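Remarks on the overall topology
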Amino acid sequence: MSKSLEVEVRGMTCASCASRLERVLGGIDGVVAASVNLATERAQVSYVPPAEPAHLRAAIEAAGFKVPAAADTANTDARTLETEALKASVIFSAAFAVPLAVLAMLPMLWPALETAMMAAAPEAVWRWLMFALATPVQFGPGLRFYRSGWASLRHGAPDMNALVMIGTCAAYFYSATAVLFAGWFPAGTGHVYFEASAVVITLILLGRYFESLAKGRASEAMKRLLNLQPPTARVVRDGIEQEVPVEAVAVGDVVAVRPGEKVPVDGEVISGASYVDESMITGEPLPVAKGEGAAVVGGTINQNGAFRFRVSRVGAGTVLAQIMRLVETAQASKPAIQGLADRVVAYFVPVVLVIAALTFVLWVVFGGPAAVGFALVNTVAVLIIACPCAMGLATPTSVMVGTGKAAELGVLFRRGAALETLANVQVVALDKTGTLTRSRPELTDFLAQPGFERQEVLILVAAAESMSEHPLARALTAAVGDVALPEAERFAAVPGYGIEAMVQGRRVQVGSERYMGRLAVATDAVASRAVALAAAGKSPIYAAVDGRLAAVLAVADPIKPESRAAVEQLHRQGLEVVMVSGDNRRTAEAIARELGIETVIAEVLPDAKAETVRKLQSAGRTVAFVGDGINDAPALAQADVGIAIGTGTDIAIETGEVILMAGDVGGVPNAIALARTALTNIKVNLFWAFAYNVLLIPVAAGVLYPALGWLLNPVLAAAAMGFSSLFVVSNALRLRRFRPPLTHHAA
């Protein structure tokens, strides 16, 4: 069985970096699969011997990237440090590049200034000054391109750093040669392009700085999750409350929570009562009442009351830790659509190098008197404009922001790929019990017969049923409320029929119509009423007292209040909705009618639900199955995407690809709407990234020059490249403003 390793990787700058690292890892003996995510800067590797974690980390380092030590990862905010380092590099570069650009470009725009400069000092002096300004940029902040670019060339997989390295080196060293060995060049041909090198490096670093800032904003969902857990807990030991680090809390400890405090870890209330805001876990805005025996979740916020609870889970076992693992895994995984970008990028950079070489050769051959200058400038422009950063960020950034936003709404994606699958779903199959209904029967109707008092009969029936373990019995006893029930004697259950008991000296018999027939108790007077109840999806129950029909009752599994709105929204989204139930057809169809569901598949045994999903898929349709994640595990696994209805404290982690924390089916249309929005966002990003390169590379090469006289300055190419990446990341960040179509409140 393969093992898995997930490590942070620093130093990746573009899609080519990620693709190259995947190839390096995939080529190691024993590696089963490798996936590298540019946006999250993480590599996931599945491996078997002889591959070992030490080998994999060494291979990553050898490829020119850095794997931070565990302590480094744990104790520092790596992204913040990287952002600050980029900011410092940008400031340093700009301090030299801005005056250099002024010296090189302003005289071309303002001839009078050029005349004044030439009068003040010979041209050679100004060239030496530009050489002095460009050199610190080239061998200071620019060194990062040398290190990474050379490593990529050495491994035969040139990346964006290689493009920048080759382009800026061409401009810098040509210009340096023109200054140091001016006599080598014919008169009028020894132009310098120091500004192209220095300003390009500055602009690319500026673009990376903005990207780093944007990535930080994209990962804010994870930071918010990290900040949910308080650093300390008030543990009760020997009757005294002691404040200890949350890491020191152990299972079985008793923790005190005061008004307004955060619950530090998971547990069960043993004393006190309050309302707890669980919105950050379930997405539900209404505080939840907590009393003795109620479960509480770490990271939630206590309201006005105070309580104590016994710790049941700490550390990696808490719900908050599980949520974080799910979000991290989803952000690191790739949708199928990412494969298109990966395949393009694998060939893209080598093709760009060929185009750049052709550009140089053709301009040298056909460029006229200033051929070398034109060739150099246009080649550098091609190399800079072709940076595939936008391609690499297009998909993972949208997945990162989308899954983070989903977590805020109480929707957890186990895999980023589920976003794409869910967006393309055509059929939503909903399990009935526990998904559309409450999964606990309730008394819905009570028709007392002449000569009997409703409350009196209800108490007699509840007292008799209190001795039974049948779910219907619990619904009847719950209907009485807090009323003290008299003791039942001589209780007897008649399998398949009902129960009998003596309550306060009266013989009480409760059961089905055939039980009444067996007892010779006439039910003709209520026959039509019983038929109507059954047609409405309810289970009629008869109660006889001292041999006379006393009442006809109905028990049903009530529909969740949010189910109707959820089904209506799914229809508005153009989806076919199917209800799958193990109930008899009449009951299932009654509930389906009430919810507006057209297709009902009833009397399905639990082990046959997966086959039901297969039949729905047989027409080539994409099917999502929604169930409780435990009984419906085979169907959830069979579906194209399984959506597990869970609760904040009981998540079906291993079944569905999508988990609804609130246990509310209203999350299904919200999840689908978010998935569709995210997929559209990815497609827009990919279109922009591809179209940008396809359109501007020929312009950079100079194809418009013969007809229109247009050339793309390398400085403008660098700015356009940075803008492309910034656009992609900013577009992905729009997902943070997503508003769910269905605002629901779980009862």
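- Looking at an unreviewed UniProt entry, one finds the protein chain named Probable copper-transporting ATPase PacS, with Gloeobacter violaceus as its source organism.
- Turning to the protein chain, the UniProt record has this under Subcellular location (unreviewed entry): "Cell membrane".
- Among the UniProt annotations of the protein chain, the heading Function (unreviewed entry) holds the following wording: "May play a role in the osmotic adaptation."

**Here we look at the pattern of salt bridges**
- Going through the model one piece at a time under the given rule, you end up with 15 salt bridges.
- In this structure, arginine 258 engages glutamate 241 in a salt bridge whose closest nitrogen and oxygen atoms are separated by 3.2 Å. In this pair, arginine 258 sits in the loop between strand E6 (254–257) and strand E7 (266–277) while glutamate 241 sits in strand E5 (residues 240–245), placing the two residues 17 residues apart along the sequence.
- Here aspartate 546 makes a salt bridge to arginine 506, at a shortest N to O gap of 3.3 Å.

**Some points on the pairing of strand E3 (residues 42–47)**
- Only one face of E3 is buried, namely the one carrying Ala43, Val45 and Tyr47, since none of Arg42, Gln44 and Ser46 on the opposite face is buried.
- Note: strand E1 (residues 3–8) against E3, six bridges, orientation antiparallel. Residue pairing for E3: glutamate 6 is matched across the bridge by glutamine 44.

**What about the environment of arginine 237?**
- Among the secondary structure elements, arginine 237 is positioned in strand E4 (residues 232–237).
- The sequence separation of arginine 237 and valine 255 amounts to 18 residues, and the corresponding C-alpha distance is 9.1 Å.
- In this structure arginine 237 touches Gln242, Val244, Ala248 and Asp253, once residues within four positions along its chain are discounted.

**Considerations on the packing of helix H14 (residues 371–385) against helix H26 (residues 667–701)**
- Between H14 and H26, whose axes approach to 8 Å, the crossing angle comes to 170°. On the basis of the axis angle, H14 is roughly antiparallel to H26. Mapping the contact onto sequence places Asn378, Ala381, Val382 and Ile385 in H14 and Tyr692, Asn693, Leu696, Ile697, Ala700 and Ala701 in H26.
- Residue classes in the contact of H14 with H26 are distributed as eight nonpolar, two polar and no charged.

**A look at the packing of helix H22 (residues 563–572) against H26**
- Running from N to C, H22 and H26 point in directions that differ by 30°, and their axes come no closer than 8 Å. Viewed along their axes, H22 and H26 adopt a mutual orientation that is roughly parallel. Between H22, through Ala566, Gln569 and Leu570, and H26, the contact on the second element is made entirely by Val668, Pro669 and Ile672.
- Partitioned by chemical class, the residues of the contact of H22 with H26 number five nonpolar, one polar and no charged.

**Considering the confidence of the model for the protein chain**
- A residue-level look at the protein chain finds 82% of positions with pLDDT of 70 or above and a mean pLDDT of 80.
- For the protein chain, the element scoring lowest by mean pLDDT is helix H3 (residues 70–75), at 42; E6 scores highest, at 94.
- A low-confidence stretch, residues 648–653 (pLDDT under 50), is modelled with 22 contacts involving residues beyond four sequence positions or located in other chains.

**Some details on the sheet that holds strand E13 (residues 427–431)**
- Read from one edge to the other, the open sheet built from seven strands follows the order E12-E24-E23-E22-E13-E20-E21, with strand pairing classed as mixed. Strands at the two margins of the open sheet, each flanked by one partner only, are strand E12 (411–413) and strand E21 (599–601). Ignoring strand direction, the axes of neighbouring strands in this sheet form an average angle of 20°.
- As defined by bridge partners, strand E22 (residues 623–627) adjoins strand E23 (residues 641–645) across four bridges and the pair is classed as parallel. For alanine 624, the partnering residue across the bridge sits in E23 and is valine 641.
- Each of E12, E13, E22, E23 and strand E24 (658–660) touches H26; the most contacted strand, E12, lies at about 50° to it.

**Quick word on the sheet that holds strand E19 (residues 548–556)**
- Spatially, six strands are ordered E14-E19-E18-E17-E16-E15 in an open sheet, and the strand pairing comes out antiparallel. Every other strand in the sheet has two partners, leaving strand E14 (442–448) and strand E15 (488–494) as the edge strands with one partner each. Each adjacent strand pair in this sheet contributes to an overall mean axis angle of 20°, direction not counted.
- Two strands pair when backbone bridges link them, and E14 and E19 are joined in this way by six bridges, in the antiparallel orientation. Bridged to leucine 443 within E19 is valine 555.
- The strands that helix H18 (residues 454–465) touches are E14, E15, strand E16 (498–503), strand E17 (506–511), strand E18 (539–545) and E19; relative to E17, the one it contacts most, it runs at about 75°.

**A look at the packing of aromatic side chains**
- Under the defined criterion, the tally for this structure stands at 13 aromatic pairs.
- Seen from their ring centres, phenylalanine 92 and phenylalanine 96 are 5.1 Å apart, and the 50° between their planes marks the pair as tilted. Placement of both phenylalanine 92 and phenylalanine 96 in helix H4 (residues 78–109) is noted, with a separation of four residues, approximately one turn of the helix.
- Between the aromatic rings of phenylalanine 131 and tyrosine 172, the centroid separation amounts to 6.1 Å while the plane-to-plane angle is 45°, which identifies the pairing as tilted. Pair noted here: phenylalanine 131 is in helix H6 (residues 123–139) and tyrosine 172 is in helix H8 (residues 160–180), with a separation of 41 residues, a long-range link.
- Taken together, the ring pairs in this structure connect Trp128, Phe131, Phe139, Tyr146, Tyr172, Phe173 and Phe194 into an aromatic cluster.

**As for the pairing of E4**
- Where E4 and E5 come together, six bridges link them in antiparallel fashion. Each residue of the ladder has a partner; that of valine 236, found in E5, is glutamate 241.
- Taking the residues that link successive antiparallel strands as the turn, the E4-E5 hairpin has two residues, and the phi of aspartate 238 there is positive, at about 55°.
- One ladder, built from three bridges, connects E4 with E6; its direction is antiparallel. Its bridge partner being in E6, valine 236 is matched across the sheet by valine 254.

**Concerning the UniProt feature "transmembrane region" (unreviewed entry) in the protein chain**
- UniProt records the feature "transmembrane region" (unreviewed entry) for residues 89–113, 125–143, 163–185, 191–210, 344–366, 372–395, 686–705 and 711–733 in the present numbering.
- Summarising residues 125–143: 84% helix, 0% strand, and an end-to-end C-alpha distance of 27 Å.
- Secondary structure across residues 686–705 divides into 85% helix and 0% strand, with the first and last C-alpha atoms of the span separated by 29 Å.

Each value, and the rule that gives it
Residues numbered from 1 in each chain as written. Predicted model: local features only at pLDDT ≥ 70, side-chain atom pairs only at ≥ 80, totals over all residues. Heavy atoms only, no water. UniProt positions renumbered as here; feature names shortened; annotations may be inferred. Salt bridge = Lys/Arg side-chain N within 4 Å of Asp/Glu carboxyl O. Helix = DSSP H or I, 4+ residues; strand = E, 2+ residues; numbered from the N terminus. Buried < 20%, exposed > 50% of the residue type's maximum accessible area, 1.4 Å probe, protein only. Pairing = 2+ DSSP bridges. Contact = heavy atoms within 4.5 Å. Axes fitted to C-alpha atoms, helices over the stretch in contact; angles between N-to-C directions. Parallel < 35°, antiparallel > 145°, perpendicular 65-115°, else oblique. Nonpolar A, V, L, I, M, F, W, Y, C, P; charged D, E, K, R; others polar. pLDDT = per-residue confidence, 0-100. Phe/Tyr/Trp six-rings, centres within 6.5 Å; stacked < 30°, edge-to-face > 60°.

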